[in-house]
Each structure stands twice: as structure tokens, then as C-alpha cells.
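# Tertiary structure, described
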Amino acid sequence: MAESEETLTYEDIQHISDFLLKTTKYRPKVAVICGSGLGGLADVVQEQDVIDYRDIPNFPQSTVQGHRGRLVFGHLAEKSVICMQGRFHQYEGYPLWKVAMPVRVFKMIGVETLFVTNAAGGLNRNYNIGDIMIVKDHISMPGMTTDNPLKGFYDERFGKPSSPVTELYDRGLRELARRVAGDLGLGEAVREGVLVQVGGPSFDTVSVFNMLRRLGADCVGMSSAPEVTVARHCGIRVLGLSLVTDMAPMESDLPPTNHQEILQTAKTRAVDVQNLVCEMISQLPNNNDSVQPS
Ligand SMILES: O=P(O)(O)O[C@@H]1C[C@H](O)[C@@H](CO)O1
């Protein structure tokens, strides 16, 4: 076990992964991180092995409403999966390496494909509440400035410290997402765009929202970029989905949102996000080798 809270070593992560592999019979190649109000996806996992975060050595705890704080192993669409029913956020007091640490555990237990979901505010004027955005890239405000999820991990078994992390969101998976969304009749509500991550927990000012939109972001959220960066850095393929739970107010006379409202809206669309992810998982090749863009 690492002496300090500064970082976890490769061996510490191995210790967590050994614990999980001893506790469950599943050997998933697919992982899902459930966003605020989107944890219902883990509830439809069949023949579950559930492990609470508090029982896992050296694991952070979920403190945000709408995040249950447990790992759910089992079958989804006849594939072994692991779901994080509760993610970690920087605003809970966690450094970004810790927010993303479970992804390194996923890598060690054999995960090759990661689905990352979140609730986000719409910045693009053409978007509507309830839209589902396939993330094609992100801007990480904390990652660019105060913190970076790769900080502290200089063990090259996790990937080289300066490895490029371009093309974060897998082209083949995005194409599959568009196709499956079309087949499920979600077409009109499905977008593809750029997510910007801010620190939170407070929502931003009208001026900040306007700035973020001018920077090229279509949605604003408080998560996902750290997990995605680490996943890509250690060689896991990623599909990101943002559910637009509110439209970020661009003028000062528009009402601000709040977490309750976000959870409420997430509830109304959670099943569609769930169906999209399940159907995509069912269409992943069995050996999960790759999903080629056509
Ligand atoms: O875990 P996610 O990113 O889905 O949570 C969203 C963003 C903030 O944490 C929170 C805002 O209320 O919900």
C-alpha cells in the first residue's frame, strides 16, 4: 500500500484488481461508468456480483446524490461487464488521478472498451434538453490548468507519461453509436459534439457559458475527461455519451439549473441511454478486438 495519499503505485492498483478478481467470477472486457441519474443501467445487469466501494481496499467513496457507490459485475447483452454505479468528481475533493484511478483497475482486470456517460448542460443553441450527445472530443478545463489525471503516475506499465492522448473517442464506436441510435429510433435526438469539463460543483456564470460555447464546446459537464484521458493513455477504447439535462443559460434572465432538476431530467431519458449502451454492447464483436470505422 502506498504510504502517502499522493498517488497509488502499480502494485496498489494490482492489489485492488486482485481483490476484485478474487471476489467475482466475471472477467469483463467491457466497462461502463454511469453518470448522474444514469445508474439504472447497472440495475439491468443480469446475475450480478455487487461490490460496494467501501469494501474495496484503497477505493474512493461516492458522495454525490444519484451515485450509489458500487461496482456491479454481471451480464449485459450476453457479455460480461463491470459497471461503476457512481463516479468520482474533482469537486468532491478528489485529485484527478484519483477520479480516474478505477480506469487503471479496469485495465488490469482486462477491460478493453469503456462506455462513459454523464449528465451535461447544452451550450449549442441547436441542442434540446433530452438530446444525447456522442462525444467526439473534449476540453478539460481542470486538465489544462490546475490538475491532470496523468500526474503522479510515472510507472510506464500504465503508459508513457507524455503519450499522446489525441483521438480520445474511438471513431468506430462513434459510428456504431450513430447506427444503433438510428435503429432504435433515437436519430433526431442524437448529436455528436465536444464536451467541456469544468470543475464544479457550482454552475457557471452566463459569461463563462458564453465563453465555453465560443471555445467550440457543445455541452458542459463536471466529469468524464479524466477517466477518458486515462483510458486512452492505457490503451482502452472509449465511447462517451452526454445526456443534455439542461440548457446552460446564455442570458442573465434565464433560470439556472440545479442538481435535482438534472436528476429529474436524467430519469426521463435514462432508459434511452441504457438501451443505446446495451444494444451497442450486444453488437461489439465477441472477441472485442476492434470496431472498425467503415
Ligand atoms: O457524474 P455526472 O458528470 O453525470 O454528474 C453531473 C455533473 C455534476 O456532477 C452534476 C451536476 O448536478 O451532475
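These numbers come from a predicted model, not from an experiment.

### Some details on the overall build of the chain
Of the regular secondary structure elements, the chain holds eight helices and nine strands. Here the C-alpha atoms of the chain give a radius of gyration of 18 Å, agreeing with the 19 Å that 2.2 N^0.38 yields for 294 residues. Principal-axis analysis of the C-alpha atoms gives the chain an extent of 55 × 45 × 35 Å. Residue burial in the chain is summarised as follows: out of 294 residues, 55% are buried. Accessible area for the chain stands at about 12,500 Å²; split by element, carbon and sulfur atoms hold 48% of it. Put simply, the chain has 28 plus and 35 minus side-chain charges, and the middle of one group is 3 Å from the middle of the other.

### Here's the deal with the confidence of the model for the chain
The predicted model of the chain has a mean per-residue pLDDT of 91, with 94% of residues at 70 or higher. Overall fold confidence for the complex sits at a pTM of 0.94, while the interface term, ipTM, reaches 0.95.

### Description of the nonpolar core
Of all hydrophobic cores here, the largest spans 47 residues; its most connected members are F106 and L114. Look past the residues within four positions of F106 in its chain and what remains in contact with it is A31, I33, I82, M84, V111, L114 and I236.

### Digging into the site of the ligand
Neighbouring residues of the ligand: 13 residues in total, closest S36, H89, Y91, S223 and H259. Take R87: an N or O atom from its side chain is 2.9 Å from an oxygen atom of the ligand. Here Y91 contributes a side-chain N or O atom positioned 2.6 Å from an oxygen atom of the ligand. Looking at the shell around the ligand, the elements that each hand over two or more residues are β5 (113-122) and α8 (259-283). Considering only residue class, the shell around the ligand consists of five nonpolar, seven polar and one charged.

### Section: the packing of aromatic side chains
For the coordinates displayed, the defined rule picks out five aromatic pairs. Ring geometry for Y53 against F88: centres 5.3 Å apart, planes inclined by 50 degrees, an arrangement best described as tilted. One end of the pair, Y53, is in the loop between β2 (46-52) and β3 (70-76); the other, F88, is in the loop between β4 (79-85) and α3 (96-109), with 35 residues separating them in the sequence. For the pair Y53 and F88, one class covers both residues: buried. Taking the centre distance of 5.6 Å and the plane angle of 75 degrees together, the rings of F88 and Y94 count as edge-to-face. Summarising the burial analysis for this pair, F88 and Y94 share the class buried. A cation sits over an aromatic face here: R104 above F158, 4.3 Å from the ring centre. The ring centre of Y10 lies 3.9 Å from the NZ or CZ of R157, which sits over that ring.

### Some points on the side chain of E92
Inspection of the secondary structure puts E92 in the loop between β4 and α3. Nearest to the buried, unbridged E92 among oppositely charged side chains is R87, at 7.8 Å. There is a polar contact of 2.7 Å between the side chain of E92 and the backbone nitrogen of H89. The residues touching E92, leaving out its near neighbours within four places in the chain, are Q61, S62, T63, V64 and R87.

### What to know about the pairing of β5
The buried fraction of β5 amounts to ten of the ten residues, a majority that puts the element mostly inside the structure. In terms of strand pairing, β5 meets strand β9 (residues 237-247) through ten bridges, oriented parallel. Paired with A119 across the bridge in β9 is L243. With two bridges joining them, β5 and strand β8 (residues 219-221) adopt antiparallel strand pairing. Across the sheet, residue G122 finds its bridge partner in β8, namely C219.

### Overview of the environment of D52
Mapped onto the elements, D52 comes out in strand β2. It is 4.2 Å that separates the C-alpha atoms of D52 and R70, two residues lying 18 residues apart in sequence.

The rules we used
- Residues numbered from 1 in each chain as written.
- Predicted model: local features only at pLDDT ≥ 70, side-chain atom pairs only at ≥ 80, totals over all residues.
- Heavy atoms only, no water.
- Helix = DSSP H or I, 4+ residues; strand = E, 2+ residues; numbered from the N terminus.
- Rg over C-alpha atoms; globule rule 2.2 N^0.38 Å.
- Buried < 20%, exposed > 50% of the residue type's maximum accessible area, 1.4 Å probe, protein only.
- Areas by Shrake-Rupley, 256 points an atom, 1.4 Å probe, with all protein chains shown as cover.
- Lys, Arg positive; Asp, Glu negative; His and termini not counted.
- Charge placed at Lys NZ, Arg CZ, Asp CG, Glu CD.
- pLDDT = per-residue confidence, 0-100.
- Core = buried A, V, L, I, M, F, W, Y, C linked by side-chain atoms within 4.5 Å.
- Contact = heavy atoms within 4.5 Å.
- Near = heavy atom within 4 Å.
- Polar contact = N/O pair within 3.5 Å; in protein donor to acceptor, adjacent residues only side chain to side chain.
- Nonpolar A, V, L, I, M, F, W, Y, C, P; charged D, E, K, R; others polar.
- Phe/Tyr/Trp six-rings, centres within 6.5 Å; stacked < 30°, edge-to-face > 60°.
- Lys NZ or Arg CZ within 6 Å of the ring centre and 35° of its normal.
- Salt bridge = Lys/Arg side-chain N within 4 Å of Asp/Glu carboxyl O.
- Pairing = 2+ DSSP bridges.

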